[in-house]
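# Reading the structure
Single-letter residue listing:
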Amino acid sequence: APTDGKEAPHYTMLAKLQRRLSGGARRQSAKVDAQADFFHDRVKALPLKGNMDRAWLEENSSLDADKREEMLVCSIIEGCALYCTEEPGHMALYTAASYFNHSCAPNAAIESSRPTVLVRATEAIPEGAEVFISYLPVQLLEEPGPKRR
């Protein structure tokens, strides 16, 4: 999703997902079925932004089901989407890379376009040690700490 648009990238990604998974093609198209299954099995299982309580969000009866789904997916996207290194001005959601933890002094870096991501070690990582990436674009990582926050 573009990061310089009128809407926050997570809303743009949510709208794209909603368009892709609606329209009655489910159970009529193997491709749409596979995308929907991936969304429900993998994307919706990703961690939420910050320390949001998934149980509260999923069980909150004061919100209608569509609004709960939107809030859940926006929280996932906002917490897990990464900046594209090969396409500045875009962010994307990579399910596998979403499980890496952030460090301002990472031992690995991502190389990404909108459809793909590659994680490469930037230094020797001992067996059993955690692999860290930066969630921030390289330009922001070079800024002093207070500016990054």
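A brief report on the enclosed structure follows. (Residues numbered from 1 in each chain as written. Predicted model: local features only at pLDDT ≥ 70, side-chain atom pairs only at ≥ 80, totals over all residues. Heavy atoms only, no water.)

## Brief notes about the side chain of Ser 134
- Here Ser 134 lies in the loop between β6 (132-133) and α5 (138-141).
- We classify Ser 134 as buried; its relative accessible area is 9%.
- Here the side chain of Ser 134 touches Leu 136 through a polar contact of 3.0 Å, landing on its backbone nitrogen.
- The contact partners of Ser 134, leaving out residues within four places of it in the chain, are His 102, Ser 103, Pro 106 and Leu 141. (Helix = DSSP H or I, 4+ residues; strand = E, 2+ residues; numbered from the N terminus. Buried < 20%, exposed > 50% of the residue type's maximum accessible area, 1.4 Å probe, protein only. Polar contact = N/O pair within 3.5 Å; in protein donor to acceptor, adjacent residues only side chain to side chain. Contact = heavy atoms within 4.5 Å.)

## With respect to the pairing of strand β4 (residues 108-112)
- Here β4 shows a clear split, with Ala 108, Ile 110 and Ser 112 buried on one side and none of Ala 109 and Glu 111 buried on the other.
- The antiparallel pairing of β4 with strand β5 (residues 117-121) creates a hairpin that spans four residues between the two strands. (Pairing = 2+ DSSP bridges.)

## Some words on the state of the cysteines
- All told, the structure shown has zero disulfides when counted by the stated rule.
- You can see Cys 84 has no disulfide; the closest cysteine sulfur is in Cys 80, sitting 15 Å from it.
- Note on Cys 84: relative accessible area 5%, which makes it buried.
- Not part of a disulfide, Cys 104 finds its nearest cysteine sulfur in Cys 80, a span of 18 Å.
- By relative accessible area, which is 40% here, Cys 104 ends up partly exposed. (Disulfide = S-S within 2.5 Å.)

## Details of the nonpolar core
- Membership of the largest hydrophobic core comes to 17 residues, with the highest contact counts inside it found for Met 13, Val 73, Ile 76 and Ile 77.
- When contributions to this core are tallied by element, the ones reaching two or more residues are α1 (9-21) and α4 (65-80).
- The leading source of residues in this core is α4, at six residues.
- With residues near it in sequence (within four places) discarded, Ile 77 still touches His 10, Met 13, Leu 14, Leu 17 and Leu 93.
- Cys 84, Ala 92, Ala 97 and Ile 133 belong to the second largest nonpolar core, which has eight residues in total. (Core = buried A, V, L, I, M, F, W, Y, C linked by side-chain atoms within 4.5 Å.)

## A few points about a positive patch on the surface
- A cluster of basic side chains, namely Lys 16, Arg 19, Arg 20 and Lys 31, defines a positive patch on the protein surface.
- Of all the elements, α1 adds the most residues to the positive patch, at three residues.
- Structurally, Arg 20 can be placed in helix α1. (Patch = residues over 30% accessible without salt bridge, like charges linked within 9 Å, V, L, I, M, F, W, Y side chains within 5 Å. Areas by Shrake-Rupley, 256 points an atom, 1.4 Å probe, with all protein chains shown as cover. Salt bridge = Lys/Arg side-chain N within 4 Å of Asp/Glu carboxyl O. Lys, Arg positive; Asp, Glu negative; His and termini not counted. Charge placed at Lys NZ, Arg CZ, Asp CG, Glu CD.)

## A look at the environment of Leu 93
- Counting through the fold element by element, Leu 93 comes out in the loop between β2 (91-92) and β3 (101-102).
- In sequence terms Leu 93 and Glu 59 are 34 residues apart; their C-alpha atoms lie 25 Å from each other.
- In contact with Leu 93, not counting residues within four places along its chain, are Met 13, Val 43, Leu 46, Ile 77, Cys 80, Ala 81 and Ser 98.

## Re the environment of Arg 114
- Mapped onto the elements of the fold, Arg 114 is located in the loop between β4 and β5.
- The sequence separation of Arg 114 and Val 32 amounts to 82 residues, and the corresponding C-alpha distance is 19 Å.
- Excluding residues that lie within four positions of it along the chain, Arg 114 makes contacts with Cys 84, Glu 87, His 90, Ala 92 and Tyr 94.
- A polar side-chain atom of Arg 114 sits 2.7 Å from a polar atom in the side chain of Glu 87.

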